[in-house]
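Structural characterization, general
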Amino acid sequence: MMRTLAPGFSASAELWEVVGLCHDLDYFHTSGNWSQHGLLTVRWLGDNIPAEAQDAIAAHDHRTGVQANTTLADMLKMADAVAIIDERLGRGATLGTDRAEPYAALRRQLGDRSYLNDIVERYSERHAISFNRIVEIVAATPKQ
């Protein structure tokens, strides 16, 4: 998903793909302490990735307290939320979301995880990515 988003921002598709693939490397190691999720990955990767990529990974989960508002960081947060929604609701539900009011429809379907919808809506609006474009990217992405 990140590789597909990068060209729209004249960004490195290779770097964005690496960030997308690596951001959850520490998932099972930090599952008991989410305040470290992403931070451990950054320690593991060290200087093998640029500072902007480190910041995006460190900030992708709000529980770390790390803030990063670069385009890369914003798109990682959005792509992560989209992937979780797609996994939680299923590909058919994601692709079949009512296009007239997609965020209201998603919010209803997500129930206690409606905050994921808010993340997608916030960053898609900030960076002028239509819901239709998000659906196109999801359709072209392997299932989680």
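Note that the structure is a prediction, hence the values are computed from the model and not measured.

Here is what the cut-offs are and how they apply
- Residues numbered from 1 in each chain as written.
- Predicted model: local features only at pLDDT ≥ 70, side-chain atom pairs only at ≥ 80, totals over all residues.
- Heavy atoms only, no water.
- Phe/Tyr/Trp six-rings, centres within 6.5 Å; stacked < 30°, edge-to-face > 60°.
- Helix = DSSP H or I, 4+ residues; strand = E, 2+ residues; numbered from the N terminus.
- Buried < 20%, exposed > 50% of the residue type's maximum accessible area, 1.4 Å probe, protein only.
- Axes fitted to C-alpha atoms, helices over the stretch in contact; angles between N-to-C directions.
- Parallel < 35°, antiparallel > 145°, perpendicular 65-115°, else oblique.
- Left-handed = near helix turned anticlockwise from the far one by under 90°.
- Contact = heavy atoms within 4.5 Å.
- Lys, Arg positive; Asp, Glu negative; His and termini not counted.
- Salt bridge = Lys/Arg side-chain N within 4 Å of Asp/Glu carboxyl O.
- Polar contact = N/O pair within 3.5 Å; in protein donor to acceptor, adjacent residues only side chain to side chain.
- Arc of directions from axis to C-beta.

**Some points on the packing of aromatic side chains**
Inspection of every chain in the model, using the stated rule, returns four aromatic pairs. Measuring from ring centre to ring centre gives 5.1 Å for tyrosine 27 and tryptophan 34, while their planes differ by 55°; the resulting arrangement is tilted. The interplanar angle of 85° and the centroid separation of 5.4 Å between the aromatic rings of tyrosine 103 and phenylalanine 131 together place this pair among those described as edge-to-face. Of this pair, tyrosine 103 sits in helix H7 (residues 102-110) while phenylalanine 131 sits in helix H9 (residues 131-139), and the two are 28 residues apart along the sequence. Across the pair, exposure class does not vary: tyrosine 103 and phenylalanine 131 are buried alike. Connected via pairs of aromatic rings, a cluster forms that spans Tyr27, Phe28 and Trp34.

**What to know about the packing of helix H2 (residues 13-22) against helix H5 (residues 71-89)**
Remark: H2 packs on H5, axes separated minimally by 11 Å, with the N-to-C direction vectors making an angle of 45°. In terms of axis orientation, H2 runs oblique to H5. Note that H2 runs across H5; the crossing there is right-handed. Residues Trp16, Val19 and Gly20 of H2 touch H5, and the partners they reach there are Thr71, Leu72, Met75 and Leu76.

**Description of the side chain of aspartate 80**
Residue position: aspartate 80 is located in helix H5. For the buried residue aspartate 80, which engages in no salt bridge, the nearest side chain bearing the opposite charge is arginine 63, 7.8 Å off.

**Description of the side chain of aspartate 61**
Mapping aspartate 61 onto the fold places it in the loop between helix H4 (51-59) and H5. Within polar-contact distance, the side chain of aspartate 61 engages the side chain of arginine 63 at 2.7 Å. The residues touching aspartate 61, leaving out its near neighbours within four places in the chain, are Trp34 and His37.

**With respect to H7**
Inspection of H7 places Pro102, Tyr103, Ala105, Leu106 and Leu110 among the buried residues, and these make up the whole buried set. For H7, the arc enclosing every buried residue in end-on projection is 160°, short of the 170-degree limit, so these residues lie on one face. Positive phi appears at glycine 111, one or two residues downstream of H7, with a value of about 55°.

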